[in-house]
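# Architecture and fold: a report
As a plain string of letters, each chain reads:
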Amino acid sequence: THPEFIAARNLGSAEQDVPMVADGMPVWHALHRFFEGYVGLFYADDAAVQDDEELASYWECLDTRGGASTPHRYGLPALSRRALVDQLTHHAFIATAWHEFVGGLAQYASVPNGLGTKLRPGRDEADVQSFVQGLCLVGLTGIRQPPLLSDWRFLLPQEPPEARDLQTRLLEDLRRVSAEIDARNAA
């Protein structure tokens, strides 16, 4: 999780001076609050989470890296409500806030000897296929995506109605966090 990642950095008194903490943690907490409420609407306890066969299959697939041909697992904790909420929050945070923090890679991927994605003995640059694939990836991910601060309630189930209420609260939380970040940056 993002909080675990930050804690492992042992930043001490400098922690709140690091944007990934000062700006990132409130975003993490807003997303976590949403997923905690959402998962809670559909799963009363750990047993309900563990009894959901599709969810258990998803968890196993995720931990085994989608069934990739590697014996190395991600090392996810045992499936539980808390673990599920943390994992959903993690994915949402990485796909949104984290990507905003780490920015673009275009300057590294736009030259053949920049950001290679394959190891080639005796070579220090990408082959043509890898170079073009990298450019496509950078180009497509550089396109402005639909904003997180949008009304996504239509994607959530109508029942229970609290599901859509949670998205409304998430937007309120994220707008508040955004205003706080803007105010800090203006100071």
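Residues numbered from 1 in each chain as written. Predicted model: local features only at pLDDT ≥ 70, side-chain atom pairs only at ≥ 80, totals over all residues. Heavy atoms only, no water.

### Considerations on helix 5 (residues 53-63)
Basically, it comes down to this: Only protein chains enter the accessibility calculation, which uses a 1.4 Å probe. A residue is then buried if its area is under 20% of the maximum for its type, exposed if over 50%, and partly exposed in between. What counts as a helix is a DSSP run of H or I of at least four residues, what counts as a strand is a run of E of at least two, and both are numbered from the N terminus. Picture the helix axis, draw a direction to every C-beta atom, and the arc is the one those directions span. The contact criterion used is simple: two residues touch if any of their non-hydrogen atoms lie within 4.5 Å. Two N or O atoms form a polar contact when they lie within 3.5 Å of each other; inside protein one atom must be a possible hydrogen donor and the other a possible acceptor, and for residues adjacent in sequence the pair counts only when both atoms belong to side chains.
Within helix 5, burial applies to Leu55, Trp59, Leu62 and Asp63. Buried residues of helix 5, viewed axially, fall in a sector of 95°; they line one side. Among the exposed residues of helix 5, those oriented more than 90 degrees off its buried face are Glu53 and Glu54. The inward-facing, buried residues of helix 5 abut helix 4 (46-51) and helix 6 (81-102). Where helix 5 begins, one side-chain oxygen reaches toward the backbone nitrogen of glutamate 54, 3.0 Å away; that side chain belongs to aspartate 52. Positioned one or two residues after helix 5, arginine 65 has a phi angle of 60°, which is positive.

### Re the environment of threonine 1
Looking at the element boundaries, threonine 1 is found in the segment before helix 1 (2-8). Among the residues examined, threonine 1 registers a relative accessible area of 26% and is labelled partly exposed. The spatial distance from the C-alpha of threonine 1 to the C-alpha of glutamine 87 is 7.5 Å, given a sequence separation of 86 residues. Not counting the four nearest positions on each side in its chain, threonine 1 is found in contact with Trp28, Asp86 and His90.

### Quick notes on a negative patch on the surface
This is how the line gets drawn: Patch definition: residues with relative accessible area over 30% and no salt bridge; like charges joined within 9 Å; nonpolar side chains (Val, Leu, Ile, Met, Phe, Trp, Tyr) joined within 5 Å. Using the Shrake-Rupley algorithm and a 1.4 Å probe, accessible areas are obtained, with residue cover drawn only from the displayed protein chains. Take a side-chain nitrogen of Lys or Arg and a carboxyl oxygen of Asp or Glu: if they are within 4 Å of each other, that pair is a salt bridge. Note that His is not counted, nor are the chain ends; the positive residues are Lys and Arg, and the negative ones are Asp and Glu. Think of each charge as sitting on NZ of Lys, CZ of Arg, CG of Asp or CD of Glu.
Side chains of Asp45, Asp46, Asp51, Glu53 and Glu54 sit close together on the surface and give a patch of like negative charge. Broken down by secondary-structure element, the contributors of at least two residues to the negative patch are helix 4 and helix 5. Relative to the assigned elements, aspartate 46 resides in helix 4. Of the residues examined, aspartate 46 reaches a relative accessible area of 36% and is grouped as partly exposed.

### Let's talk about the packing of aromatic side chains
Condition: What counts as a ring pair is set by centres within 6.5 Å for rings of Phe, Tyr and Trp (its six-membered ring), and what kind of pair is set by the plane angle: stacked under 30 degrees, edge-to-face over 60, tilted for all other angles. Definition used: whenever NZ (Lys) or CZ (Arg) falls within 6 Å of the ring centre and also within 35 degrees of the ring normal, the charge is taken to sit over that ring.
All chains considered together, the criterion is met by six aromatic pairs. Among the aromatic residues, those joined into a cluster by ring pairs are Phe34, Phe35, Tyr38 and Phe42. If you follow arginine 9 out to its NZ or CZ, it ends over the ring of phenylalanine 5, 4.0 Å from the centre.

### Focus on the layout of surface pockets
Space left empty within the atom packing is revealed by a probe, the size of a water molecule, rolled over the atoms. Here is the rule we go by: Definitions used for this entry: grid spacing 1 Å over protein atoms alone; cavity, a set of points where a 1.4 Å probe fits but cannot get out; pocket, an open set with protein on both sides within 12 Å along at least 5 of 7 lines; lining residue, one with an atom within 4 Å of a point. Grid points are joined across faces, edges and corners, and a volume is the space filled by probe spheres set on the points. When residues are sorted by character, Ala, Val, Leu, Ile, Met, Phe, Trp, Tyr, Cys and Pro go into the nonpolar class, Asp, Glu, Lys and Arg into the charged class, and all the rest, Gly among them, into the polar class.
Its volume calculated, the second largest pocket comes out at about 390 Å³. Contributing to the lining of the second largest pocket are 16 residues, with Thr1, Leu76, Pro77, Gln87 and His90 lying nearest its centre. Sorting the residues of the lining of the second largest pocket by element identifies helix 1, helix 5 and helix 6 as the ones contributing at least two each. Tallying contributions element by element places helix 6 first for the lining of the second largest pocket, with six residues. Split into classes, the residues belonging to the lining of the second largest pocket amount to eight nonpolar, five polar and three charged.

### As for the environment of threonine 89
Among the secondary structure elements, threonine 89 is positioned in helix 6. You can call threonine 89 buried: its relative accessible area is 0%. Taking the C-alpha atoms as reference, threonine 89 lies 9.9 Å from valine 27; in sequence the two are 62 residues apart. Ignoring anything within four residues of it in the chain, the contact list for threonine 89 reads Trp28, Leu31, His32 and Phe35.

### Considerations on the side chain of threonine 64
If you trace the backbone, threonine 64 turns up in the loop between helix 5 and helix 6. The buried category is assigned to threonine 64, whose relative accessible area is 17%. A polar side-chain atom of threonine 64 sits 3.3 Å from the main-chain carbonyl oxygen of cysteine 61.

### What about the nonpolar core?
The nonpolar side chains of a soluble globular protein tend to be buried with one another. Keep this limit in mind: Throughout, nonpolar core names a set of buried Ala, Val, Leu, Ile, Met, Phe, Trp, Tyr and Cys residues whose side chains join them through atoms within 4.5 Å.
Counting 31 residues, the largest nonpolar core has Val27 and Phe93 as the members making the most contacts within it. At the level of secondary structure, the elements contributing two or more residues to this core comprise helix 2 (19-22), helix 3 (24-42), helix 5, helix 6 and helix 9 (162-186). The element contributing the most residues to this core is helix 3, with nine residues.

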